[in-house]
Amino acid sequence: MVEWLTMTIQMASLAMAGWCLVSTFRDQPMLVPHLVGMGVLWLLVIGQAVATVAAMVGGERPAETAMFVSYLATVVLLPPACAVWGFMERSKWGPAVIAFACLILPVLFVRLEQLWSPVA
């Protein structure tokens, strides 16, 4: 895994969560800029997934490959699924869905890092 990209994703995800929580508390529905932010976040996640799969094809593998691949699939599918759900919810709870997803994403990346390079 690319460590600087993981850190960038985590920071962008937390920033997005903060922005969406502010929108939730201000009773604003999800707008197109929120979708653009989720799109950028998703592109970062896809970049990390591609780099990780390339490393796995190159011979690097975590000890628990099946668990790692399931977490990787989850982080790739989480942003678009929650963006669609949040956009369909036309109340203040749309951004809350996005904020929740953006708070989960950094935790999933911590777990991916733990699986990729476990402490001996």
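Reading guide: rules and limits
- Residues numbered from 1 in each chain as written.
- Predicted model: local features only at pLDDT ≥ 70, side-chain atom pairs only at ≥ 80, totals over all residues.
- Heavy atoms only, no water.
- Axes fitted to C-alpha atoms, helices over the stretch in contact; angles between N-to-C directions.
- Helix = DSSP H or I, 4+ residues; strand = E, 2+ residues; numbered from the N terminus.
- Parallel < 35°, antiparallel > 145°, perpendicular 65-115°, else oblique.
- Left-handed = near helix turned anticlockwise from the far one by under 90°.
- Contact = heavy atoms within 4.5 Å.
- Nonpolar A, V, L, I, M, F, W, Y, C, P; charged D, E, K, R; others polar.
- Patch = residues over 30% accessible without salt bridge, like charges linked within 9 Å, V, L, I, M, F, W, Y side chains within 5 Å.
- Areas by Shrake-Rupley, 256 points an atom, 1.4 Å probe, with all protein chains shown as cover.
- Salt bridge = Lys/Arg side-chain N within 4 Å of Asp/Glu carboxyl O.
- Buried < 20%, exposed > 50% of the residue type's maximum accessible area, 1.4 Å probe, protein only.
- Phe/Tyr/Trp six-rings, centres within 6.5 Å; stacked < 30°, edge-to-face > 60°.
- Lys NZ or Arg CZ within 6 Å of the ring centre and 35° of its normal.

So, on to the packing of helix α2 (residues 32–57) against helix α3 (residues 65–88). Direction vectors running N to C along α2 and α3 enclose 165 degrees, while the axes themselves pass 10 Å from each other. Between α2 and α3, the angle is such that the two are roughly antiparallel. Between α2 and α3 lies a crossing of left-handed hand. Taking contact as the criterion, the partners of Leu-35, Met-38, Trp-42, Val-45, Ala-49, Thr-52, Val-53 and Met-56 in α2 are, on α3, Thr-65, Phe-68, Val-69, Leu-72, Val-75, Val-76, Pro-79, Pro-80, Ala-83 and Phe-87. When the residues that make up the contact of α2 with α3 are grouped by side-chain class, the tally is 16 nonpolar, two polar and no charged.

This paragraph deals with a nonpolar patch on the surface. On the surface, Met-7, Met-11, Leu-14, Leu-21, Phe-25 and Leu-103 cluster together into a nonpolar patch covering about 600 Å² of accessible area. Element by element, the count of residues in the nonpolar patch is highest for helix α1 (residues 3–25), at five residues. Tracing the sequence through the fold places Leu-21 in helix α1. Assessed through its relative accessible area of 30%, Leu-21 is described here as partly exposed.

One pass over the full model with this rule turns up one aromatic pair. Ring geometry for Phe-68 and Trp-116: centres 5.2 Å apart, planes at 40 degrees, overall tilted. On the criterion of sequence distance, the pair formed by Phe-68 in helix α3 and Trp-116 in helix α4 (residues 93–116) is long-range, its members being 48 residues apart. For the residue pair Phe-68 and Trp-116, the accessibility class agrees, reading buried in each case. Of note, Arg-90 hangs over the ring of Phe-87, and the distance from its end group to the ring centre comes to 4.9 Å.

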